[in-house]
Amino acid sequence: RRDPCARGRAKGHPRGEGGARRPEAGREPRSAMSARIFSFYINNKSGGLIYQRNFSPNAAKLKSNDQLMCASTLNGLALILKELSPVGGARPMAALEATSFTLAALDTATGLKFFVVAEPGTQGLDVVLRAAYVLYCDYVLKNPFYELDMPIHCDRFDARLGRLLADVPR
């Protein structure tokens, strides 16, 4: 069976062989314009990194091992903040603001954690994370070749996520 998540079109197709739109002359691709969002992470139930992508040249340049450690640290930070809350039954971490970035998080009902690192003061990241979870459900979970809690390799999910994050308002 053919992987429904893989892109592949005939050479004569207007979007080309890989299925991605060719940028118009003199225009950057949409993903390059997403300077508001630095990075995007998805962790599985056990805190392991299953997806990471940088969306800005200003994003931290991390090696793959450092990305795994960073994702694990984000997961641990979210758990620690939940435990430190003086209010019983506190909600999970939603956002952390620093002078150079904003970190927003979403805990899903299935145990996944979505994280986005953005420019300081970026608004609506909770909505963006929920929309990213919908994309995950539509393009990753419905892919018959995807195994739960394994790294995500889905071109259509990448493309749609890139479009979503490119539309974050300035």
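Our subject is the structure that appears above.
Per chain, the residues get numbers from 1 upward, laid out in the order the sequence is written. The model is predicted, so local features are restricted to residues of pLDDT at least 70 and side-chain atom pairs to those at 80 or more, both for listing and for counting; the totals for chains, interfaces and linings are taken over all residues. The side-chain values count all of the structure's non-hydrogen atoms but skip hydrogen atoms and water molecules.

**Q** Help me understand a nonpolar patch on the surface, please; the structure alone is not making it clear to me.
**A** Judged by side-chain polarity, Ile80, Leu81 and Leu84 come together as a nonpolar surface patch covering roughly 290 Å² of accessible area. Only runs of H or I of at least four residues qualify as helices and only runs of E of at least two qualify as strands under DSSP, and these elements are numbered from the N terminus. Within the secondary structure layout, Ile80 lies in helix α1 (residues 64-84). Each patch is built from residues that are more than 30% exposed by relative accessible area and take part in no salt bridge. Like charges join if they lie within 9 Å; nonpolar side chains (Val, Leu, Ile, Met, Phe, Trp, Tyr) join within 5 Å. The Shrake-Rupley method, run with a 1.4 Å probe sphere, supplies the accessible areas, and residue values consider only the shown protein chains as cover. Whenever a carboxyl oxygen of Asp or Glu lies within 4 Å of a side-chain nitrogen of Lys or Arg, that contact is scored as a salt bridge.

**Q** I would appreciate a short explanation of the environment of Asn58 in the present structure.
**A** With respect to the element layout, Asn58 can be found in the loop between β2 (49-54) and α1. Distance from Asn58 to Glu119, taken between C-alpha atoms, is 9.6 Å for residues 61 residues apart in sequence.

**Q** Explain helix α2 (residues 125-141) here, please?
**A** Working note: α-helix, 3.6 residues per turn, so residues spaced by three or four point in the same direction. For a helix, the expected span equals 1.5 Å multiplied by the residue count minus one. Helix length check: α2 (17 residues) gives 22 Å between terminal C-alpha atoms against 24 Å at 1.5 Å per residue, within 8%. The contact definition used throughout considers only heavy atoms, calling two residues in contact when any of these lie within 4.5 Å. Summarising the contacts, the buried residues of α2 are in contact with β1 (37-43), β4 (102-107), β5 (113-118) and α3 (155-166).

**Q** Would you take a moment to explain the sheet that holds strand β3 (residues 95-97) for this structure?
**A** In sheet architecture, strand pairing relies on hydrogen bonds along the backbone and comes in two forms, parallel and antiparallel. Overall, antiparallel pairing links the five strands, which are arranged β2-β1-β5-β4-β3 in an open sheet. Whereas interior strands pair on both sides, the edge strands pair on one side only; in this sheet they are β2 and β3. Each strand axis lies, on average, 10 degrees off the axis of its neighbour in the sheet, ignoring direction. A pair of strands is considered paired only if DSSP assigns at least 2 bridges between the two. Examined bridge by bridge, β3 and β4 share three bridges and lie antiparallel to one another. Of the residues in β4, the one forming a bridge with Glu97 is Thr102. Inter-axis angles, ranging from 0 to 180 degrees, are taken between N-to-C directions of lines fitted to C-alpha atoms, where helices are fitted over the stretch in contact. The sheet strands contacting α1 are β1, β2, β3, β4 and β5, and the helix crosses β1 at an angle near 75 degrees. Packed onto the sheet, α2 meets β1, β4 and β5 and runs at close to 135 degrees relative to β5.

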